[in-house]
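Residue strings, one per chain:
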Number of protein chains: 2
Amino acid sequence: MKRIQLYDTTLRDGTQGEDVSFSVEDKLRIAQRLDAFGVDYIEGGWPGSNPRDLEFFRRARQLRLHHAKIAAFGSTRRAKNRVEEDLNILALLDAETSVVTIFGKSWILHVKQALQISEEENLEIISDSVAYLKSQGREVIYDAEHFFDGFKSDRSYALQTLKTAEAAGAEVLVLCDTNGGTLTHEVAEIVREVKKHIKSEIGIHTHNDCELAVANTLAAVQEGAVHVQGTINGYGERCGNANLCSIIPNLQLKLGYKCVEDEHLRRLTELSHFVSDLANLSHRKHLPFVGQSAFAHKGGVHVSAVMKSPATYEHIEPERVGNQRRVLVSDLSGRSNISYKSAELGIDIERAGEHLQEIVEDIKQKEFEGYRYEDADGSLELLIRRRLNDWQEFFDLEGFKVIIHKESKEEKPVSEALIKVRVGDECEHTAAEGNGPVNALDHALRKALEKFYPQLKEMHLADYKVRVLDGQDGTGAKVRVLITSRNSDASWNTVGVSTDIIEASWKALVDSIYYHLSRSSVGKAEAAVIR
Amino acid sequence: MKRIQLYDTTLRDGTQGEDVSFSVEDKLRIAQRLDAFGVDYIEGGWPGSNPRDLEFFRRARQLRLHHAKIAAFGSTRRAKNRVEEDLNILALLDAETSVVTIFGKSWILHVKQALQISEEENLEIISDSVAYLKSQGREVIYDAEHFFDGFKSDRSYALQTLKTAEAAGAEVLVLCDTNGGTLTHEVAEIVREVKKHIKSEIGIHTHNDCELAVANTLAAVQEGAVHVQGTINGYGERCGNANLCSIIPNLQLKLGYKCVEDEHLRRLTELSHFVSDLANLSHRKHLPFVGQSAFAHKGGVHVSAVMKSPATYEHIEPERVGNQRRVLVSDLSGRSNISYKSAELGIDIERAGEHLQEIVEDIKQKEFEGYRYEDADGSLELLIRRRLNDWQEFFDLEGFKVIIHKESKEEKPVSEALIKVRVGDECEHTAAEGNGPVNALDHALRKALEKFYPQLKEMHLADYKVRVLDGQDGTGAKVRVLITSRNSDASWNTVGVSTDIIEASWKALVDSIYYHLSRSSVGKAEAAVIR
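So, how was this worked out
- Residues numbered from 1 in each chain as written.
- Chains lettered and ligands numbered in written order.
- Predicted model: local features only at pLDDT ≥ 70, side-chain atom pairs only at ≥ 80, totals over all residues.
- Heavy atoms only, no water.
- Helix = DSSP H or I, 4+ residues; strand = E, 2+ residues; numbered from the N terminus.
- Buried < 20%, exposed > 50% of the residue type's maximum accessible area, 1.4 Å probe, protein only.
- Contact = heavy atoms within 4.5 Å.
- Pairing = 2+ DSSP bridges.
- Axes fitted to C-alpha atoms, helices over the stretch in contact; angles between N-to-C directions.
- Domains from an automatic or database assignment.
- Least-squares fit on C-alpha atoms with pLDDT ≥ 70 in both.
- Phe/Tyr/Trp six-rings, centres within 6.5 Å; stacked < 30°, edge-to-face > 60°.
- Lys NZ or Arg CZ within 6 Å of the ring centre and 35° of its normal.
- Salt bridge = Lys/Arg side-chain N within 4 Å of Asp/Glu carboxyl O.
- Disulfide = S-S within 2.5 Å.

### Describing the environment of A:Leu255
Okay, step 1: You can see A:Leu255 is positioned in the loop between helix H10 (244-254) and helix H11 (262-265).
Okay, step 2: By relative accessible area, which is 21% here, A:Leu255 ends up partly exposed.
Okay, step 3: In this structure, the C-alpha to C-alpha distance between A:Leu255 and A:Ser505, residues 250 residues apart in sequence, is 47 Å.
Okay, step 4: Not counting residues up to four positions away in its chain, the partners in contact with A:Leu255 are A:Leu218, A:Gln222, A:Asn250, B:Leu183 and B:His185.

### Regarding the sheet that holds strand S7 (residues 201-205) of chain A
Residue and element names in this part refer to chain A.
Okay, step 1: Taken together, the eight strands give a closed barrel; going around it, the order is S1-S2-S3-S4-S5-S6-S7-S8, and neighbouring strands pair in parallel fashion. Pairwise comparison of adjacent strand axes, ignoring direction, gives a mean angle of 25° for this sheet.
Okay, step 2: The sheet contact formed by strand S1 (residues 5-8) and strand S8 (residues 227-230) spans four bridges and is parallel. Considered in S8, the bridge of Gln5 is made with His227.

### Some points on the domain arrangement of chain A
Okay, step 1: When the domains of chain A are assigned, the result is domain 1 (5-260), domain 2 (296-387) and domain 3 (396-530).
Okay, step 2: Spacing between the C-alpha centres of domain 1 of chain A and domain 3 of chain A amounts to 48 Å.

### With respect to the relation of the copies chain B and chain A
Okay, step 1: Rotating chain B by 180° and moving it 0.1 Å along the rotation axis overlays it on chain A with an RMSD of 0.2 Å. Here the copies are linked by what is in effect a two-fold axis. Closest approach to the rotation axis among the C-alpha atoms of chain B is made by B:Ile403, whose C-alpha sits 2.2 Å away.

### Some remarks on helix H9 (residues 213-222) of chain A
Okay, step 1: For H9(A), the tally of buried residues reaches nine of ten residues, placing the bulk of the element in the interior.
Okay, step 2: Listed in full, the buried residues belonging to H9(A) are A:Ala213, A:Val214, A:Ala215, A:Asn216, A:Thr217, A:Leu218, A:Ala219, A:Ala220 and A:Val221.
Okay, step 3: Contact partners of the buried residues in H9(A): helix H8 (184-197), S7, S8 and H10 of chain A together with helix H8 (184-197) and helix H9 (213-222) of chain B.

### Observations concerning the packing of aromatic side chains
Okay, step 1: Inspection of every chain in the model, using the stated rule, returns 26 aromatic pairs over all chains.
Okay, step 2: Summarising the aromatic geometry, the rings of A:Trp391 and A:Tyr514 are spaced 5.3 Å apart at their centres and angled 15° between planes, so their arrangement reads as stacked. Of the two residues, A:Trp391 is situated in the loop between helix H16 (377-387) and strand S11 (396-406) and A:Tyr514 in helix H18 (residues 501-521); the sequence distance between them amounts to 123 residues.
Okay, step 3: A:Trp391 gets classed as partly exposed once you look at its relative accessible area, which sits at 25%.
Okay, step 4: By relative accessible area, A:Tyr514 is classed as buried at 4%.
Okay, step 5: Relative to B:Trp506, the ring of B:Phe400 has its centre 5.0 Å away and its plane inclined at 50°; by these criteria the two rings are tilted. With a gap of 106 residues between them, B:Phe400 in strand S11 (residues 396-406) and B:Trp506 in helix H18 (residues 501-521) connect regions that are remote in the sequence. A single burial state applies to B:Phe400 and to B:Trp506, both of which are buried.
Okay, step 6: Aromatic rings pair up to connect A:Trp391, A:Phe394, A:Phe395, A:Tyr453 and A:Tyr514 into one cluster.
Okay, step 7: Here the basic side chain of B:Arg12 rests over the ring of B:Phe73, its NZ or CZ set 3.5 Å away from the ring centre.

### Overview of the pattern of salt bridges
All names here are of chain A.
Okay, step 1: Using the criterion set out here, one finds 72 salt bridges over all chains in the structure.
Okay, step 2: The partner of Lys152 in a salt bridge is Glu186, and the shortest N-O contact between them spans 3.2 Å. One end of the pair, Lys152, is in helix H6 (residues 147-153); the other, Glu186, is in helix H8, and 34 residues separate them in sequence.
Okay, step 3: Among the residues examined, Lys152 registers a relative accessible area of 44% and is labelled partly exposed.
Okay, step 4: Take Glu186: its relative accessible area is 19%, and that puts it in the buried class.
Okay, step 5: The partner of Glu381 in a salt bridge is Arg519, and the shortest N-O contact between them spans 2.8 Å. Linking Glu381 in helix H16 with Arg519 in helix H18, this pair joins segments that are 138 residues apart in sequence.
Okay, step 6: Owing to a relative accessible area of 2%, Glu381 belongs among the buried residues under this scheme.
Okay, step 7: The exposure class assigned to Arg519 is partly exposed, which follows from its relative accessible area of 34%.
Okay, step 8: In the salt-bridge network here, residues are joined through shared partners; they are Glu381, Arg385, Asp390 and Arg519.

### Some points on the state of the cysteines
Okay, step 1: This structure, assessed with the given rule, holds zero disulfides over all chains.
Okay, step 2: In this model B:Cys259 remains outside any disulfide bridge; the closest cysteine sulfur is found in B:Cys245, 12 Å from its own.

### Re the sheet that holds strand S14 (residues 460-468) of chain B
All names here are of chain B.
Okay, step 1: Here we have three strands laid out as an open sheet, ordered S14-S15-S16, and antiparallel in their pairing. Whereas interior strands pair on both sides, the edge strands pair on one side only; in this sheet they are S14 and strand S16 (491-498). Averaged over all neighbouring strand pairs, the angle between strand axes comes to 20°, with direction disregarded.
Okay, step 2: The pairing of S14 with strand S15 (residues 479-486) spans eight bridges and is classified as antiparallel. Directly across from Lys465, in S15, lies its bridge partner Leu482.

Next comes the structure, spelled out in structure tokens:
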């Protein structure tokens, strides 16, 4: 099985993406995860371009990596500089990594317009820079920037730049589609041509501007490239870099190449979430292989077929990349989806009888109001149990008031919540402050209820998301609030919708508490009956 | 120039996507836009599957389309039914469209496991169904479901199903990669093989489960397919359908096929936004060709090169698909980005002198706190003008109080805001209600200020977005609020960040008002000086 080198540039090219930025701490954590996953090279940053990257390389020396090598990225020397005095080259050496990746120009347009030097001088720059870094004991990876555009404009010159880097000692020559404009058949043809002239290992670095980054990478590998550059989740400038989360399973599960150990591949989905969490970006549901929807079934025909035989509608077993099958409950779904979902939630839907249709209607009505249960299993379970009369009122709200008070332009506002709840015959009237109105309300509600339900101390809110449903009404639009709650061994999601963000949050909060109470108050014997 | 037929299934397969749903009204509006854009076929829905689709077809008869034909989608007849009594087939006829698209089985696994019939019986079903619809005067498009999987498992049977549909009179035979698991080289080889046996027009329908839907479609066209099925923005089940917004420009601008008129292609970005607006989904920035980031430049090296010559870092001219170039201001950006951006905003940065570095520092500090200016030009302009002393305080806040009061479990909460502002020597203390706390605060602030600045009546809030920045603190997390405001001839975006959603909204609101006031209070002569 042919081995492919994985070169991750999430920490460098990935951070060129709009919205993507990592703290030094984040970068160190990601580097460790990439190493554990089995990536071969981790490009940590561009030491010559910003202080945060310098700091990263300083601290990365302390990392104990098991497999991966850290690479520092930078450009070849500047036109007029002597290589040993070039600040960028010196910064690369100061990073003290065993691997250095430098990019040089392959495209005459760039040589003439961006660098404004002669073709010959560009070759000298490439040769000098590679040779000097080699002489300093570095493994050198040469990124041929704009290689495909350069090849199309002047194939002999583009090849000459590669040969120059090869002769100067570069270990791998990486063909970069920097603008992302090259089509798949062109990549295949050009890599095939390059292989005729170059003996060194060939790498591929693509961008997604034509939505072809993954296909272009696969085509290059099929033509003999052995080194693949990309980022987790395809983060990167403009439309992103080649997405390693799609490339790795395609290469390993479909084309028979070896990238990482199979047991590491089963942690791909987790890695993808880890990186999006640290990037503070929501994890895109529709991501191939690792997205929450990648193995989700909504249409009735699909659902009933998948129930018979998963291979009918799934191209791989989701477990191989650490993902899982999901059946969605939605407007389009019929009774078979609800049955499947109920079984998954541990509810015996056989007992539902005539209630089943009512449940379907409830869901349709709620979805019409803006609810979505695809992400809110906790609220869905409560909705179903309520219809099945498997339900207990844990408290009654007699009212709440939330006050946000800002004393002057400079002062931060103070939020406090007053709440009155009734449990059985007892009434509790209390108040609490919080970091914002929803947080205050959450504190007050717990303060009021913990007296009756001490088990609430076991749960906490882990995530809070707000989605404005219809942007056209400005601040008067409907919002959907999704809350993730956790206790020591489980997490659950609940949803609330309203034009008022406090009301929407309230609904999701109450569901999260009801869910916890109904789970924790059910004794084991009882639970067995319900299942 | 070879003509390619575009078959849009946003309204049918697109709505299988998680989160995607359209009202009948939405569907009619989208159909009209697709027609105006130049799509050849618009698949409106599955009349046999849900009432909303029936209603769509009823109302679609009144649409005056200039170019496109509406297609109704459904399955071949059920196994035991006579075709003329099959409810699904009858529903297709009742839709009264000139075109009917039906799918049949190509894969023996499905014939045996899903339908549980013989191979011969499956051929009869295909033949009957196509022939009957033809006899009723319909143009019939035959979708060969799971064709690639079927071909790989039994090529001769898969071809036989196509030949059966062809013999029964189907106009186009569409090869579907229903599970999205087929690789690009396989699609190319299989289409090439099919072309040897089939004379009718071949179509291609792919899914994005391997992140290859666009590449697979292009490969099929290069091997002779003339009919392309896909959706706007790639909406669709699991990882989505083939994205027409990427396929069309690739085919037309790069491969020399003709899909739509060039002047229509220049409205592609607008069409993409229109559909995402109606789907109520945020428009994904990183979408190829049509995304807000598709031609955005962030890294310093790129920005300075693009300023010299756009072709160095852009694979096509953004105007050809109706998009535009953007330069991003961010943490990674240096003085050249700020200069470019300032010029775009009409600020003469030459006057900045020593302030330029302060502006860069301000932006870095704010971004550290969670601000992003990539989407908030209004707030960025205010930040720059403030440092340039090109600034006026329009009012002083003396304090506000927002109260949200919920009287009982059933009642909706009432939000009211009290506000005290000072303009010069005058103080205004007032209050207003609203649909939620932010809306109430917005109303109260305007009520207080309109007395002094009647021009505030010209502006309104058009969009309001909330993003929780760090999910790990639950309801105590930081939120970023983005507000879009409009007057009759412009729109602008402002941003606010805080752990308190009211405070974050307040900051963005105040910026939006300052922006409007500073623009509207500058006389034309003054404006000329500033520029």
